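Each chain, letter by letter, is given below.
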Amino acid sequence: MTLDLAQTIAPAEMLQKTAPAAGRSGTDVLGRIGNLETRIARSVTEIDAAQAVRYRVFAEEMQAKLSPDAVRRKRDIDAWDMVCDHLLVLDTSIEGDAEEQIVGTYRLLRQDVAAVSGGFYSQSEFDVDALIARHPEKRFMELGRSCVLPAYRTKRTVELLWQGNWAYSLKHGIDVMFGCASFHGIVPEEHALALSFLHHNVLAKDEWNVSARPELFRTMDLMPSEGIDTRKALSALPPLIKGYLRLGATVGNGAVVDHGFNTTDVLIVLPIGKISGRYLNYYGADAGRFAS
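All values derive from a computational prediction rather than experimental measurement. (Residues numbered from 1 in each chain as written. Predicted model: local features only at pLDDT ≥ 70, side-chain atom pairs only at ≥ 80, totals over all residues. Heavy atoms only, no water.)

Asker: Can you walk me through helix H8 (residues 239–247) in this structure?
Answerer: Because the α-helix completes a turn every 3.6 residues, residues three or four places apart line up on one side. In terms of residue burial, H8 counts as a mostly covered element, since 8 of its 9 residues are buried. Those residues of H8 not exposed but buried are Pro239, Leu240, Ile241, Lys242, Gly243, Tyr244, Leu245 and Leu247. Positive backbone phi, at 115°, marks Gly248, one or two positions downstream of H8. (Buried < 20%, exposed > 50% of the residue type's maximum accessible area, 1.4 Å probe, protein only. Helix = DSSP H or I, 4+ residues; strand = E, 2+ residues; numbered from the N terminus.)

Here it is, written out as structure tokens:
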């Protein structure tokens, strides 16, 4: 599915062709820290550059098995790139065009867009339809394909990615964020401690319950709760998942093995209303903390 920010640093404060053509005025910048800024991709060429960054991380670093065409082009590409917005982090100190400055990216898919574009990416692994059907009054947004180049896996890069997600969510009236986060490798039992911790402690329940598709379901209940060392379990979690948990996210029931991306995926569910108050205060209820 997607490697997201797994195996990057732990975020201390963490949570296409249809990209907006906003020009180069800078008025669309969602946040800035020093020489780094975050905004939505403005052009097809910027999306192409983001796909190249994804290829470097997913294929070259994490050994994902992409299509022959993707390997030939050295781009991580799929059909959702045509309809998603692409959040970028750019290092403006790098000489050259914006395409050469992209150091991190996130892919954002709003419910209204998904409804007319073939649905959400994660629907192939999790029963997202049932979750959304229980909340007809809420607007959902899927987060995916997040990655950061190794040299930029720092707290401030992760903060900017979240700043961008938060500002974008406010702009579009989003009520719930969700998306796949991943463990490296295709053997869930190798992550028994971390997966069992998620199952026993942060499973999405009641109206937020969502499960892996039955034919793909792999249990996360691999250890009894009394046998889990919480400190060790937290250390074993991929940083992105740890960051989401700090924000107040829960996790769907069951994991899914993605052989193509060499990952074991879980579904993160983060209603905006359940985000921890300390993080709303940190980023600002109006996403103003790092706004330019």
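This is not the end of the story, as more comes after the structure.
Asker: How should the pattern of salt bridges be read in this particular structure?
Answerer: Two side chains of opposite charge can pair, provided their charged atoms sit close to one another. Taken as a whole, this structure holds 20 salt bridges when the rule is applied. Of the charged contacts, one joins Arg72 and Asp69 as a salt bridge, the two residues approaching to 2.5 Å between their closest N and O atoms. Of the two residues, Arg72 and Asp69 are both situated in helix H2 (residues 68–73); the distance of 3 residues between them amounts to about one turn of the helix. On the accessibility criterion, Arg72 (63% relative accessible area) is exposed. Under the relative-accessibility criterion, Asp69 is labelled partly exposed at 34%. Ionic pairing is found between Asp76 and Arg145, a salt bridge with its closest N-O pair at 2.7 Å. Highlighted residues: Asp76 in the loop between H2 and strand S3 (85–91) and Arg145 in strand S5 (residues 140–148), separated in sequence by 69 residues. According to the relative accessible area criterion, Asp76 is buried, its value standing at 2%. The exposure class of Arg145 is buried, given its relative accessible area of 4%. One network of salt bridges, in which partners are shared, links Arg54, Asp76, Asp78, Asp81, Arg107 and Arg145. (Salt bridge = Lys/Arg side-chain N within 4 Å of Asp/Glu carboxyl O.)

Asker: How do you make sense of the environment of Gly31 when you look at a structure like this?
Answerer: Following the sequence through the fold, Gly31 ends up in strand S1 (residues 31–33). On the accessibility criterion, Gly31 (0% relative accessible area) is buried. For the pair Gly31 and Leu161, spaced 130 residues apart in sequence, the C-alpha to C-alpha distance is 8.9 Å.

Asker: What is the right way to read the packing of aromatic side chains from this model?
Answerer: Aromatic rings in a pair are described by how distant their centres are and how their planes are angled relative to each other. Applying the stated criterion to the full structure yields 5 aromatic pairs. Between the aromatic rings of Trp80 and Tyr121, the centroid separation amounts to 5.0 Å while the plane-to-plane angle is 90°, which identifies the pairing as edge-to-face. Highlighted residues: Trp80 in the loop between H2 and S3 and Tyr121 in the loop between helix H3 (111–115) and helix H4 (128–133), separated in sequence by 41 residues. Judged by its relative accessible area of 14%, Tyr121 is buried. The interplanar angle of 10° and the centroid separation of 6.2 Å between the aromatic rings of Trp162 and Trp166 together place this pair among those described as stacked. Of the two residues, Trp162 and Trp166 both sit in helix H5 (residues 155–171), 4 residues apart, roughly one turn of that helix. Considered together, Trp162 and Trp166 belong to a single accessibility category, that of buried residues. Here the basic side chain of Arg107 rests over the ring of Tyr121, its NZ or CZ set 5.4 Å away from the ring centre. (Phe/Tyr/Trp six-rings, centres within 6.5 Å; stacked < 30°, edge-to-face > 60°. Lys NZ or Arg CZ within 6 Å of the ring centre and 35° of its normal.)

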